[in-house]
Amino acid sequence: MLMLRQVQISSFELFQSPKQPGCCSSRSVSVRRTRLYRNRSGLRAMDGSGLEKLYLGMDFGTSGARFTVIDEQGVIRAEGKREYPPFMREESMDWVSSWKATLFSLLEDIPITLRSLVSSISLDGTSATTLILNRHSGEVLCQPFLYNQSCPDALPEVKSIAPANHTVCSGSSTLCKLVSWWNLKLPNRESAVLLHQADWLLWLLHGRLGVSDYNNALKVGYDPESESYPSWLISQPYSQLLPVVQAPGTSIGNLKDSIRRQFGFPDDCIVCTGTTDSIAAFLAARATEPGKAVTSLGSTLAIKLLSTKRVDDARYGVYSHRLDDKWLVGGASNTGGAILRQLFTDEQLERLSREINPTVASSLDYYPLKSSGERFPIADPNLAPRLLPRPNSDVEYLHGILESIARIEGKGYKLLKEMGATEAEEVLTAGGGAKNDKWIKIRERVLGLPVSKAVHTEASYGASLLALKGAKQKRGL
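Within any chain, residue numbers begin from 1 and follow the written order of that chain's sequence. With the structure being a predicted model, the display of local features is reserved for residues of pLDDT at least 70 and the display and counting of side-chain atom pairs for 80 or more, all residues being used for whole-chain, interface and lining totals. Water and hydrogen atoms were dropped before computing side-chain values, which therefore reflect all heavy atoms in the structure.

## Let's talk about the overall build of the chain
Inclusion rule: Secondary structure elements follow DSSP: runs of H or I no shorter than four residues count as helices, runs of E no shorter than two count as strands, and numbering proceeds from the N terminus. Three labels apply to residues, based on accessible area from a 1.4 Å probe with only protein chains included: buried if under 20% of the type maximum, exposed if over 50%, partly exposed otherwise in between. The protein chains shown are the only cover counted for residues, whose accessible areas, like all others here, come from Shrake-Rupley with a 1.4 Å probe.
Tallying secondary structure elements over the chain gives 14 helices and 20 strands in all. For the chain, buried positions account for 61% of its 477 residues. Carbon and sulfur atoms make up 49% of the accessible area of the chain, which totals about 19,200 Å².

Structure follows, in C-alpha cells:
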C-alpha cells in the first residue's frame, strides 16, 4: 500500500502575521541543468473544483538554485537544480543577471504538465544579501552586497544608534550595507528601496516593489518581537528605503500575466513572501520541538536551534528569528562545502570519504575558510583560513577538514547553550553535506549528540511549504 507523507500543519503555524506592516513612509548564456525527478504516484490531491493543486518552492543558495514542487500532502512531484551561469561585468560576477537567468531557467525546468497546476510560489535566498533599487523603475543601483560581504566603514555609525550587541552590529549585516551605500551620497538616493535577494527575485514574479518578510528583514533591524521597525531605526534618514514587512508565506499578489502566459501557470497562481535559506532548510526538516536543531551544510555552515528563549549577540554572530511562541536561534559560519569543493572534486570527496574511519579522532586542527573573515561562532572579519600542515595522505587531509568543520559546529551549539538558549538534544542535517554518511558519524562523535539526515534535506522543500501555507491562507483553510 502506498503511503503519502503527511504535512505537519505546525510547520505552517510557526509563522504568525505581523500586527502592522512595519514600514515608514546581457548576453545569452546557456544554463546547465542537473537532476530532475517526478513522483509517479497515481494519488493526487484535488481542490473543490476537482483540479489538482501543486506548490512551488525555490531555493537560491550561495552556489546554485533548486526548485521543488509538492502536492497538498507534501509529496514531491518534481525537483531540479541549476548552477549560476557565469555572467560577467568587467572583471566581476554580474549576480543580478545570473540570478535572474537562473530564476526563469528553473521555471522552464518544471515539467510543462505540472506548471498549469501550480497554485502558489515562494522562495528563499541567502541571509543579508542586499540589493538597492530605484523605487520607481526597479533599476538596480549598485552591485548586490553579498551575504558574507562586510562594510566595516558603516559599523561605528550603526553601533552608535543600535542597542549594544544588536544583530545589526556586525559589518556583514544588512543595515551596515545600507548605511555604507547611503553614505556615498549618490544622486536621488531618497528614491531608492532596499530589498533582500529573496524579495527581489519574488518581485520579478509579482511586480509589487518594496515587500519583504520578517526573516530576511531581521538583519536590517526589524524587531520580530514587536513586529515593527524600532524607533531608533525609523528616526534615521535612510529608513524611507526600508521595505514593508509581512510574515513568511503571505500572499503578495498574483503571478505577473506575462510570466503566467510564457510558462503556462494558471490564472490564479499567487506569489508569497519568502524566507532565508537556512530557515527554509529548518522548515523542511520538520524540527518542531525545543532542543531540536538543524545544521545546513551547504557552501557555508548554518545552525538553527528551536529555543524557548530569544538570544541575540552580534559579538558572536548570534541572532534569533521568531517562530510563533518560540525562537529559532543560530548563526552562520563561512566554513562549509565551498572550501571542500575548492580542495577536492566531487568524485574525490566521495571516494576519499569511504576510506575515513569516523570513530577515530583526527589530530589535525584547521579553520577551513575560502578567504579571510568569519561570522559565527567567531565574528572576526580578519580571521585567516588555517589549512596547513597538509599531510601526504588525502584521506587524512579530508578527515582533518571534516572534523575541523564539525568542531566549529560544536562550538556554535555550545555557545548558544552558554548564552541561555535551550540546550540542543538532537541535530538534523540538511544541505549537500547531509549526503556524506561518514561526516555525519564524525559530527555525532564531536558534538556528543544524535545526528541524522533530515527526511527532506533541501531548503527548496521548505520554500514549497511556505507556498502551500500561503495558498491555504488565501483559501481561508
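Once the structure has been displayed, the description carries forward.
## Some thoughts on the sheet that holds strand β16 (residues 301-307)
Our working rule: Here, a strand pair is defined by DSSP locating no fewer than two bridges between the strands. Whenever a helix is involved, its axis is fitted only over the stretch in contact; in every case the axis is a line through C-alpha atoms, and angles between N-to-C directions fall within 0 to 180 degrees. Note on definitions: a residue-residue contact is assigned when non-hydrogen atoms from the two residues lie within 4.5 Å.
Strand order in the open sheet formed by six strands is β17-β18-β16-β15-β19-β20, with mixed pairing between adjacent strands. A strand with exactly one partner marks an edge of an open sheet, and here the two such strands are β17 (319-323) and β20 (451-453). Put simply, the sheet's adjacent strands are angled 25 degrees from each other on average, direction ignored. Here helix α9 (residues 277-285) sits on the sheet in contact with β15 (292-297), β16, β17, β18 (326-333) and β19 (426-430), set at roughly 125 degrees to β15. Where helix α13 (residues 437-447) meets the sheet, it contacts β15, β19 and β20, and its direction lies at approximately 155 degrees from that of β20.

## Observations regarding the pairing of strand β3 (residues 64-71)
With eight of eight residues buried, β3 lies mostly within the body of the structure. Burial of the side chains of β3 extends over both faces: Gly-64, Arg-66, Thr-68 and Ile-70 are buried on one face and Ala-65, Phe-67, Val-69 and Asp-71 on the other. Note: strand β2 (residues 54-60) against β3, seven bridges, orientation antiparallel. Counted as the bridge partner of Phe-60 is Ala-65 from β3. Taking the residues that link successive antiparallel strands as the turn, the β2-β3 hairpin has three residues. Bridge count between β3 and strand β4 (residues 76-83): seven bridges; the pairing is antiparallel. Bridging from a neighbouring strand, Arg-66 pairs with Lys-81 of β4. Hairpin geometry of β3 and β4 is characterised by an intervening segment of four residues between the two adjacent antiparallel strands and by a positive phi of about 85 degrees at Gly-74.

## Some words on the pairing of β15
With five of six residues buried, β15 lies mostly within the body of the structure. In this structure, β15 lies alongside β19, joined through five bridges in parallel fashion. Directly across from Thr-295, in β19, lies its bridge partner Thr-429. In this sheet, β16 lies alongside β15 in antiparallel orientation, the contact comprising five bridges. Note on β16: the bridge partner recorded for Thr-295 is Ile-303. Joining the antiparallel neighbours β15 and β16 is a turn of three residues.

## Some thoughts on unusual backbone geometry
In this structure, the amide linkage connecting Phe-376 to the following residue, Pro-377, adopts the cis form with an omega of 0 degrees. Inspection of the secondary structure puts Pro-377 in the loop between α11 (346-354) and α12 (394-418). Residue Leu-388 is joined to Pro-389 through a cis peptide bond whose omega torsion reads 5 degrees. Relative to the assigned elements, Pro-389 resides in the loop between α11 and α12.

## Brief notes about α11
The test is simple: The directions from the helix axis to the C-beta atoms form the arc being described.
Leu-349, Leu-352 and Ser-353 are the residues of α11 that are buried. Taken around the axis of α11, the buried residues stretch over an arc of 100 degrees, which confines them to a single face. In α11, the exposed positions that point more than 90 degrees away from the buried face belong to Glu-350 and Arg-354. Buried residues belonging to α11 abut α10 (337-343), α12 and α13.

## Overview of the packing of aromatic side chains
Rule in force here: Aromatic pairs are defined between Phe, Tyr and Trp rings, using the six-membered ring for Trp, whenever the two ring centres lie within 6.5 Å; interplanar angles under 30 degrees are classed as stacked, those over 60 as edge-to-face, and all others as tilted. Either the NZ atom of lysine or the CZ atom of arginine qualifies as a charge over a ring when it sits within 6 Å of the ring centre and within 35 degrees of the ring normal.
Per the stated rule, a full pass over the model turns up eight aromatic pairs. Judged by centre distance (5.5 Å) and plane angle (80 degrees), the rings of Tyr-366 and Tyr-397 are edge-to-face. Here Tyr-366, found in the loop between α11 and α12, pairs with Tyr-397, found in helix α12; they are 31 residues apart in sequence, far enough to count as distant. Ring pairs connect the aromatic residues Phe-60, Tyr-84, Trp-95 and Trp-99, which therefore count as one cluster. Sitting over the ring of Trp-182, Arg-189 keeps its end group 4.0 Å from the ring centre.

## Considerations on the packing of helix α2 (residues 95-109) against helix α6 (residues 197-206)
We count it as follows: Angles are sorted into four bins: roughly parallel if under 35 degrees, roughly antiparallel if over 145, roughly perpendicular if 65 to 115, and oblique for all others. With the far helix as reference, a near helix turned anticlockwise by less than a right angle produces a left-handed crossing, and one turned clockwise produces a right-handed crossing. Any residue outside Ala, Val, Leu, Ile, Met, Phe, Trp, Tyr, Cys, Pro, Asp, Glu, Lys and Arg is labelled polar, Gly included; the first ten of those are nonpolar and the last four are charged.
Orientation of α2 relative to α6, taken along the N-to-C sense of each, is 55 degrees, at an axis distance of 11 Å. Accordingly, the angle class assigned to the pair α2 and α6 is oblique. In the crossing of α2 with α6, the sense of the turn from one axis to the other is right-handed. Contacts from Val-96, Trp-99, Lys-100, Leu-103 and Leu-107 in α2 reach Gln-197, Trp-200, Leu-201, Leu-204 and Leu-205 in α6. For the contact of α2 with α6, a count of residues per class yields eight nonpolar, one polar and one charged.

## Digging into the pattern of salt bridges
Put simply, the rule reads: The salt bridge criterion pairs a side-chain nitrogen of Lys or Arg with a carboxyl oxygen of Asp or Glu, the two atoms within 4 Å.
This model, assessed by the stated rule, comprises 27 salt bridges. With its nearest N and O atoms 3.0 Å apart, the salt bridge here joins Asp-346 to Arg-341. Between Asp-365 and Arg-386 there is a salt bridge, with the nearest N and O atoms lying 3.5 Å from each other. With a gap of 21 residues between them, Asp-365 in the loop between α11 and α12 and Arg-386 in the loop between α11 and α12 connect regions that are remote in the sequence. Under the relative-accessibility criterion, Arg-386 is labelled partly exposed at 37%. A single salt-bridge network, built from bridges that share partners, covers Asp-365, Arg-386, Glu-403, Arg-407 and Arg-445.

## A look at the confidence of the model for the chain
The condition that has to hold: Residue-level confidence of the predictor is summarised by pLDDT, bounded by 0 at the bottom and 100 at the top.
Per-residue pLDDT for the chain averages 89, and the proportion of residues at 70 or more is 90%. With pLDDT under 50 throughout, residues 1-32 is counted as low confidence; its partners more than four residues away or in other chains account for 88 contacts. Across residues 34-48, confidence stays below pLDDT 50; counting only partners more than four residues off in sequence or on other chains, it has 35 contacts.

## Overview of the packing of α11 against α12
Where α11 meets α12, the closest approach of the two axes is 9 Å, and the angle between their N-to-C directions is 95 degrees. With respect to α12, the axis of α11 lies roughly perpendicular. Here Leu-349, Leu-352 and Ser-353 of α11 come into contact with α12, specifically with Asp-394, Val-395, Leu-398 and Leu-402. Here the residues of the contact of α11 with α12 are counted per class, giving five nonpolar, one polar and one charged.

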